[in-house]
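The lines below spell out each chain.
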Amino acid sequence: MDGTRVLLWAVFVLRVALATIYFQEEFLDGEHWRNRWVQSTNDSQFGHFRVSSGKFYGHKEKDKGLQTTQNSRFYAISARFKPFSNKGKTLIIQYTVKHEQKMDCGGGYIKVFPADVDQKNLNGKSQYYIMFGPDICGFDVKKVHVILHFKNQYHSNKKPIRCKVDGFTHLYTLILRPDLTYEVKIDGQVIESGSIEYDWNLTSLKKMEKSSAESKDWEQEKEDKPQDWEKHFLDAGASKPSDWNSELDGDWQAPVLQKPPYQDGLKPEGIDKDVWLHQKMKNTNYFAEYDLSEFENIGAIGLELWQVRSGTIFDNFLITDDEEYAENFGKATWGETKGPEREMDDIQAKEEMKKAREEDEEELLMDKFNGKENVFKRFHRRNEL
């Protein structure tokens, strides 16, 4: 192992000690993956997965991942982990996907679910927190989905994010930060970033929440006002007389300004320092409850998708709170095998071209031979006649 790789692994090990790793899967233990991943039995027609490195790869073992195996099928499989909340923390979701079958129509995205998801009955109606990854269908749909669940609705990023469409393995990374910023990376490069609040069209929801809260405040305030509301305006400029005897006269109270004219939204005339005793605090809960990127009970990750042509491989799943760890994990997995994968594909392509050329030449020779044989047969018949 050269010096660069030693340094990379040293940094990687250090980040492991500092990062919180909620989930990590590389399928390096043979068939034991079946103990961690649950295939949904909601539909008997769901397609089946196998663990494979595919027809070409950078490393036969390291590149093994979940591969779809049947054409024109829905797929549903998931893995559970210890539930957690990302409140106040950065959330990074990362994985690799390889459409070696040259995807024509189908999903390559993942979903992050609440801990109480029913894995055995996982299907398209199962609630999820986050949906992230590529989706391809024909010439029109070649996009990266980033869908967040909020207020019992799913909200898509309004920016068009183009996905990779070739047959090689690609690294997809989603970063959601507590300051409501986000990044989408492909192969370690930022391809989209911005504000969660604005790029998911959630500002309108926020305004609706605020308007609703303030409307409730106003309605409650109107209900709280008594008919003799003018008694609640006190002369704040008045002071207790010097000859006031509390024992004889009782507790002193500021005089009430008499019958100030009342009109909605207007201040009574002649009152500069009025005190509205029943003033109600504005409702600020709408902002506190507006947790655009916070999910309280994250507990499962899975694939729930449709594919016309099967063969996609999903690998190197990671959920963490550490951006640097995710970056180093990507370099130590996809980064190490991406080059050799392309080299193997190139070698196979050249071998296939050579084989096709040899077959064409052989077919041409056979045609020539058959032509000569036919000429000989015709000549032989003429001699017999």
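It should be emphasised that the depicted structure is a prediction, and the values quoted were computed from it without experimental measurement.

**Topic: empty space enclosed by the protein**
Then, in step 1: What the rule picks out here adds up to two cavities of 30 Å³ or more.
Then, in step 2: Its volume calculated, the largest cavity comes out at about 110 Å³.
Then, in step 3: Along its surface, the largest cavity is lined by 14 residues, and Asp63, Thr96, Thr169, Asp315 and Glu341 are the ones closest to its centre.
Then, in step 4: Looking at the lining of the largest cavity, the elements with two or more residues in it are strand S6 (91-99), strand S16 (312-320) and helix H7 (334-384).
Then, in step 5: A per-element tally of the lining of the largest cavity places H7 first, with four residues.
Then, in step 6: Taken together, the residues that form the lining of the largest cavity break down as four nonpolar, five polar and five charged.
Then, in step 7: In this model, the second largest cavity occupies a volume close to 40 Å³.
Then, in step 8: Lining the second largest cavity are Val97, His99, Pro134, Lys164, Asp166, Phe168, His170 and Tyr172.
Then, in step 9: Elements supplying a minimum of two residues to the lining of the second largest cavity: S6 and strand S12 (169-176).
Then, in step 10: Partitioning the lining of the second largest cavity into residue classes produces four nonpolar, two polar and two charged.

**With respect to the environment of Gln307**
Then, in step 1: Secondary-structure assignment places Gln307 in strand S15 (residues 298-307).
Then, in step 2: On the basis of relative accessible area, Gln307 is assigned to the buried category, the value being 0%.
Then, in step 3: Residues Gln307 and Tyr75, spaced 232 residues apart in sequence, show a C-alpha to C-alpha distance of 8.0 Å.
Then, in step 4: Not counting the four nearest positions on each side in its chain, Gln307 is found in contact with Thr68, Asn71, Ser72, Arg73, Tyr75, His99, Gln101, Met103, Cys105, Gly106, Gly107 and Thr312.
Then, in step 5: Only 2.7 Å separates the side chain of Gln307 from the side chain of Thr68, close enough to count as a polar contact.
Then, in step 6: Among the polar contacts listed, one links the side chain of Gln307 to the side chain of Thr312, at a separation of 2.9 Å.

**Notes on the side chain of Gln67**
Then, in step 1: Structurally, Gln67 can be placed in strand S4 (residues 65-68).
Then, in step 2: What makes Gln67 buried here is its relative accessible area of 2%.
Then, in step 3: Within the structure, Gln67 has its side chain in polar contact with the backbone oxygen of Gly311 (distance 3.1 Å).
Then, in step 4: Discounting residues that sit within four places of it in the chain, Gln67 has contacts with His48, Phe49, Arg50, Ser52, Gly54, Glu100, Gly311, Thr312 and Ile313.

**A look at unusual backbone geometry**
Then, in step 1: Unlike most non-glycine residues, Lys102 shows phi in positive territory, near 55°.
Then, in step 2: With respect to the secondary-structure elements, Lys102 resides in the loop between S6 and strand S7 (105-107).
Then, in step 3: The class of Lys102 is exposed, set by a relative accessible area of 52%.
Then, in step 4: With phi around 65°, Asn152 is a residue other than glycine that occupies positive phi space.
Then, in step 5: Mapped onto the fold, Asn152 is located in the loop between strand S10 (141-150) and strand S11 (153-156).
Then, in step 6: Owing to a relative accessible area of 72%, Asn152 belongs among the exposed residues under this scheme.

Rules of the game
Residues numbered from 1 in each chain as written. Predicted model: local features only at pLDDT ≥ 70, side-chain atom pairs only at ≥ 80, totals over all residues. Heavy atoms only, no water. 1 Å grid on protein atoms, 1.4 Å probe; cavity = no way out; pocket = protein on both sides within 12 Å on 5 of 7 lines; lining within 4 Å. Points joined across faces, edges and corners; volume = space filled by probe spheres on them. Helix = DSSP H or I, 4+ residues; strand = E, 2+ residues; numbered from the N terminus. Nonpolar A, V, L, I, M, F, W, Y, C, P; charged D, E, K, R; others polar. Buried < 20%, exposed > 50% of the residue type's maximum accessible area, 1.4 Å probe, protein only. Contact = heavy atoms within 4.5 Å. Polar contact = N/O pair within 3.5 Å; in protein donor to acceptor, adjacent residues only side chain to side chain.

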